[in-house]
Amino acid sequence: LLADRVPNPANDGTPLPVTLGHPGPERDPEGAVDEPRINLFLYQVVENCFLKNQEIPGHGHPAGYGYPPLSLDLHYLLTVFGSTASGSFFDETPAHQLLGSAMRALHDHAIVTDSLVTTQPRAGRLILDPALRDEYESIKITLRPLGLEDLSNIWTALELSYRLSVAYEVSVVQIESARPRRHPRPV
């Protein structure tokens, strides 16, 4: 979604890199500038307490019982990169532009549906991964404002200097159990 809907501030026709994982590395102390990119770091996975023991309606035999899916809320730190050298200072205007564009894209598509498709070249491809399509629960993207202390704790744990970041919660992602369903014996 981000790679498709957020324009590259370089305006040179190249796609904007969107990376997953640790948001490092640190900025080069010699003054290298950051190329524009967006990073998503999954920093917390929490079981959704509202759907913890709830079966997916319509799945399986009505008399069967078994193992409900693992329902998860995923917490991501969205970090933007992009700076230019301006004398002995770094100008992070590209990073600020990226943050605004990324937040707009996630706000505009806060509920990720099965029908959401790409608009960039090779347009028409479905955005949602095949494993997440046709699920009972829709995937919702919610801005989660973090206080300064929470952000500081995350960046300290990463052992990195703070970068322009914002937190999002993606819920609910359901992983179906691989254990076989049980059926009661006829009486």
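Before going into details, it helps to say that this report is about the structure given with it.

### Overview of the overall build of the protein chain
On a plain count of helices and strands, the protein chain comes out with 3 helices and 8 strands. The buried share among the 187 residues of the protein chain stands at 34%. In the protein chain, of all internal contacts separated by at least 6 residues, the share reaching a separation of at least 24 is 71%. Accessible surface, the protein chain: about 11600 Å² in total, of which carbon and sulfur atoms supply 56%.

### Observations concerning the pairing of strand β8 (residues 165–175)
With respect to burial, β8 is a largely interior element, 10 of its 11 residues being buried. Bridge count between strand β3 (residues 70–81) and β8: 10 bridges; the pairing is antiparallel. Bridged to His75 within β8 is Glu169.

### What about the packing of aromatic side chains?
In total, this model carries 1 aromatic pair according to the counting rule given. Plain terms: the ring middles of Trp155 and Tyr162 are 5.9 Å apart, the flat faces sit at 75 degrees to each other, and that makes the pair edge-to-face. On the basis of relative accessibility, which here comes to 3%, the residue Trp155 falls in the buried class. Overall, Tyr162 belongs to the partly exposed group, its relative accessible area being 48%. The aromatic ring of Phe81 is capped on one face by Arg37, whose charged end is 3.9 Å from the ring centroid.

### Topic: the environment of Leu164
Among the secondary structure elements, Leu164 is positioned in the loop between α3 (148–158) and β8. Once the C-alpha coordinates of Leu164 and Leu99 are considered, the two residues, 65 residues apart in sequence, prove to be 8.0 Å apart. In contact with Leu164, other than residues within four places in its own chain, are Leu78, Thr79, Val80, Ala95, His96 and Leu99.

### As for the nonpolar core
Counting 25 residues, the largest nonpolar core has Leu2, Val6, Ile38, Leu78 and Val80 as its most contacted members. For this core, the secondary structure elements donating two or more residues are β2 (37–47), β3, α2 (93–108), β7 (139–143) and β8. Element by element, the count of residues in this core is highest for α2, at 6 residues. For Leu2, the residues in contact, after removing those within four places along its chain, are Val18, Ile38, Leu40, Leu78, Ala102, Ala105 and Leu106. One finds Phe41, Leu151, Ile154 and Trp155 within the second-largest nonpolar core, a separate group that totals 7 residues.

### Considerations on the side chain of Thr79
Inspection of the secondary structure puts Thr79 in strand β3. Note on Thr79: relative accessible area 0%, which makes it buried. Separated by 3.1 Å, the side chains of Thr79 and Ser165 make a polar contact. In contact with Thr79, not counting residues within four places along its chain, are Pro23, Arg37, Ile38, Asn39, Trp155, Arg163, Leu164 and Ser165.

Criteria and thresholds
One numbering rule holds for all chains: residues counted from 1, following each sequence as written. Thresholds applied to this predicted model are a pLDDT of at least 70 for local features of residues and 80 or more for the giving and counting of side-chain atom pairs; totals over whole chains, interfaces and linings are not thresholded and use all residues. Only hydrogens and water are set aside when side-chain values are computed; all heavy atoms of the structure are taken into account. Secondary structure elements follow DSSP: runs of H or I of four or more residues count as helices, runs of E of two or more count as strands, with numbering from the N terminus. Working definition: with a 1.4 Å probe on protein chains only, accessible area under 20% of the residue-type maximum means buried, over 50% means exposed, and in between means partly exposed. What makes two residues a contact is simply this: any of their non-hydrogen atoms within 4.5 Å. Computed by Shrake-Rupley with a 1.4 Å probe, the accessible areas treat only the displayed protein chains as cover when residues are assessed. At least two DSSP bridges between two strands are required for those strands to pair. Here a pair means two rings of Phe, Tyr or Trp (six-membered ring of Trp) with centres within 6.5 Å. Their orientation is stacked below 30 degrees between planes, edge-to-face above 60, and tilted elsewhere. Whether a charge sits over a ring depends on NZ of Lys or CZ of Arg being within 6 Å of the ring centre and within 35 degrees of the ring normal. The set of buried Ala, Val, Leu, Ile, Met, Phe, Trp, Tyr and Cys residues whose side-chain atoms join them within 4.5 Å is what this entry labels a nonpolar core. Counted as a polar contact is a pair of N or O atoms within 3.5 Å, where, for protein atoms, one must be capable of donating a hydrogen and the other of accepting one, and residues adjacent in sequence contribute only when both atoms are in side chains.

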